[in-house]
Amino acid sequence: MIVDIKKKLLSQIDLYFGKILMPKGFEIDKEILQTDIIKHQIQDCEFPFSREWDKLNTYLIEHITVEYDFQLTNKLTTGYMFKPNEKSYPKKDINEVDLINSPDYTMLYGVNVSNCLVRIYYDNNRRKGRSWDIPLENNKFLIFPSTQQYVITNNQKDNLNLILKITYEYI
């Protein structure tokens, strides 16, 4: 008996995560990023450009291009401050009414975090409402499609958690 069965993958959810391993002498100064996040939040202004932001952003874009053969370009940068025991509302980084101008990917980077958790929600065919939890730690990142809903939780009671978010367009 000859069977002619083919398979076509129509969709997938790709997540990229890891630690930023900068070359010696080019480490990211998290104090500068912390100051930028606090200034951005308190003054409600555009996220400032800095050499540290550029090092992180360039590292991520170049490594994704080399390792996974696709290119990203920046859309928007913002920073989050989470008070002790604070949990974000469920977020999606797209505008459902304006998908053409929405980002393709979201990156979260732990600038100064402790006991922080990111929960990403997804559907697996008829298995709806699934979630995947990943701890976000200092100098670690998580990149995922901006269409995915997510929640950030600061699970400790002593300190602020500072997180940098950059959204990207796939080119």
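Thresholds applied
- Residues numbered from 1 in each chain as written.
- Predicted model: local features only at pLDDT ≥ 70, side-chain atom pairs only at ≥ 80, totals over all residues.
- Heavy atoms only, no water.
- Helix = DSSP H or I, 4+ residues; strand = E, 2+ residues; numbered from the N terminus.
- Contact = heavy atoms within 4.5 Å.
- Patch = residues over 30% accessible without salt bridge, like charges linked within 9 Å, V, L, I, M, F, W, Y side chains within 5 Å.
- Areas by Shrake-Rupley, 256 points an atom, 1.4 Å probe, with all protein chains shown as cover.
- Salt bridge = Lys/Arg side-chain N within 4 Å of Asp/Glu carboxyl O.
- Phe/Tyr/Trp six-rings, centres within 6.5 Å; stacked < 30°, edge-to-face > 60°.
- Buried < 20%, exposed > 50% of the residue type's maximum accessible area, 1.4 Å probe, protein only.
- Lys NZ or Arg CZ within 6 Å of the ring centre and 35° of its normal.
- Lys, Arg positive; Asp, Glu negative; His and termini not counted.
- Pairing = 2+ DSSP bridges.
- Axes fitted to C-alpha atoms, helices over the stretch in contact; angles between N-to-C directions.

Participant: Would you explain unusual backbone geometry in this entry?
Facilitator: Negative phi is the rule for most residues except glycine; trans is the rule for most peptide bonds. At Asp69, a residue that is not glycine, the phi angle is positive and equals roughly 60 degrees. Of note, the phi angle at Asn115 is positive, near 50 degrees, even though the residue is not glycine. Topologically, Asn115 is positioned in the loop between β3 (105-112) and β4 (116-124).

Participant: What should I look at first to understand the environment of Ile28 in this one?
Facilitator: Among the structural elements, Ile28 can be located in the loop between β1 (16-19) and α1 (30-43). With 138 residues separating them in the primary sequence, Ile28 and Ile166 have C-alpha atoms 16 Å apart. Setting aside residues up to four positions removed in sequence, Ile28 forms contacts with Ile20, Met22, Leu33, Glu52, Lys55, Leu56 and Tyr109.

Participant: Got a minute to help me understand a nonpolar patch on the surface in this structure?
Facilitator: Residues Met1, Val3 and Ile5 make up a contiguous nonpolar surface patch of about 450 Å² in total accessible area. With respect to the secondary-structure elements, Ile5 resides in the segment before β1.

Participant: In this structure, what is going on with the packing of aromatic side chains? I would like to understand it.
Facilitator: Within a pair of aromatic rings, the relevant descriptors are the distance that separates the centres and the angle that separates the planes. Following the criterion strictly, the structure yields eight aromatic pairs and no others. Between the aromatic rings of Tyr16 and Phe70, the centroid separation amounts to 5.8 Å while the plane-to-plane angle is 50 degrees, which identifies the pairing as tilted. In this pair, Tyr16 sits in strand β1 while Phe70 sits in the loop between α2 (51-68) and β2 (72-82), placing the two residues 54 residues apart along the sequence. Like Tyr16, the residue Phe70 is buried in the burial classification. Joined through ring pairs, the aromatic side chains of Tyr16, Tyr68, Phe70, Tyr105 and Tyr170 make up one cluster. Taking the ring centre of Tyr89 as reference, the NZ or CZ of Lys91 above it sits at 4.3 Å.

Participant: Is there a simple way to think about the side chain of Lys91 in this case?
Facilitator: If you trace the backbone, Lys91 turns up in the loop between β2 and β3. Lacking a salt bridge, the buried Lys91 has Asp93 as its closest oppositely charged neighbour, with an N-O distance of 6.6 Å. Contacts of Lys91, omitting those with residues within four sequence positions, involve Tyr80, Gln148, Gln149 and Tyr150.

Participant: Is there a simple way to explain the sheet that holds strand β5 (residues 127-136) in this structure?
Facilitator: By way of backbone hydrogen bonds, the strands of a sheet pair with one another, either parallel or antiparallel. With respect to topology, three strands assemble into an open sheet ordered β5-β4-β7, the strand pairing being antiparallel. The open sheet has two edge strands with one neighbour each: β5 and β7 (150-154). When the angles between neighbouring strand axes are averaged without regard to direction, this sheet yields 25 degrees. Two elements, β4 and β5, share eight bridges in a ladder whose sense is antiparallel. Bridge pairing links Ile120 to Trp132 in β5.

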